[in-house]
Amino acid sequence: MNSLPLKLALLAGLGLTSAGALYTPPAVAQVSVGVGIGIAPPTPRYERVPPPRAGYIWAPGYWRWDGRRHVWAGGYWIRARPGYRYRPAYWVHGRGGWRFHQGYWGR
């Protein structure tokens, strides 16, 4: 009995299983970086939202932490994703201080 076909079948099965375990669909993959600081962000600045653009949504500006102080990051247009809703960046106060959450797409 020739064991080469069996070895190839096992190797192919192992490769497919590994690839399936490592694959993450783009809609699920998200990167989240948390920053906890003791200084509250300033009040958001007023931004004049430009006229609507077909196929885009406006992501409002927010205060980001540069390691020493809060710096304003102005709003910008991002391509709309049908079936998703954009959730803007925001700060939350908790036990460890202020924590920043980057904007993201959700359902």
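Residues numbered from 1 in each chain as written. Predicted model: local features only at pLDDT ≥ 70, side-chain atom pairs only at ≥ 80, totals over all residues. Heavy atoms only, no water.

(A) A look at the pairing of strand E7 (residues 90–94). Pairing analysis gives five bridges linking E7 to strand E8 (residues 97–101), with the strands arranged antiparallel. Across the sheet, the residue bridging to Tyr90 is His101, located in E8. (Pairing = 2+ DSSP bridges. Helix = DSSP H or I, 4+ residues; strand = E, 2+ residues; numbered from the N terminus.)

(B) Representation of empty space enclosed by the protein in the model. This structure, assessed with the given rule, holds one cavity of 30 Å³ or more. Roughly 30 Å³ of volume is contained in the largest cavity. Taken together, the residues of the lining of the largest cavity sort by class into seven nonpolar, two polar and no charged. (1 Å grid on protein atoms, 1.4 Å probe; cavity = no way out; pocket = protein on both sides within 12 Å on 5 of 7 lines; lining within 4 Å. Points joined across faces, edges and corners; volume = space filled by probe spheres on them. Nonpolar A, V, L, I, M, F, W, Y, C, P; charged D, E, K, R; others polar.)

(C) The arrangement of the pattern of salt bridges in detail. In the structure shown here, the tally under the stated rule is one salt bridge. For Arg69, the salt bridge is made with Asp66, and the minimal N-O distance between the two is 3.9 Å. Under the relative-accessibility criterion, Arg69 is labelled partly exposed at 48%. (Salt bridge = Lys/Arg side-chain N within 4 Å of Asp/Glu carboxyl O. Buried < 20%, exposed > 50% of the residue type's maximum accessible area, 1.4 Å probe, protein only.)

(D) Up close: the nonpolar core. Ile37, Tyr62, Trp63, Trp72, Ala73, Ala89, Trp91 and Phe100 form the largest nonpolar core, which has eight residues in total. Those elements giving two or more residues to this core turn out to be strand E3 (62–65) and strand E4 (70–73). Aside from chain neighbours lying at most four places away, what touches Ile37 is Trp65, His70, Trp91, Gly96, Gly97 and Trp98. (Core = buried A, V, L, I, M, F, W, Y, C linked by side-chain atoms within 4.5 Å. Contact = heavy atoms within 4.5 Å.)

(E) View of the environment of Arg45. Residue position: Arg45 is located in the loop between strand E1 (36–37) and strand E2 (56–59). Excluding residues within four positions of it along the chain, Arg45 makes contact with Trp63 and Trp72.

(F) Just a nonpolar patch on the surface, in detail. Side chains of Tyr90, Val92 and Tyr104 sit close together on the surface and give an oily, nonpolar patch of about 240 Å² of accessible area. Assignment of secondary structure puts Tyr90 in strand E7. (Patch = residues over 30% accessible without salt bridge, like charges linked within 9 Å, V, L, I, M, F, W, Y side chains within 5 Å. Areas by Shrake-Rupley, 256 points an atom, 1.4 Å probe, with all protein chains shown as cover.)

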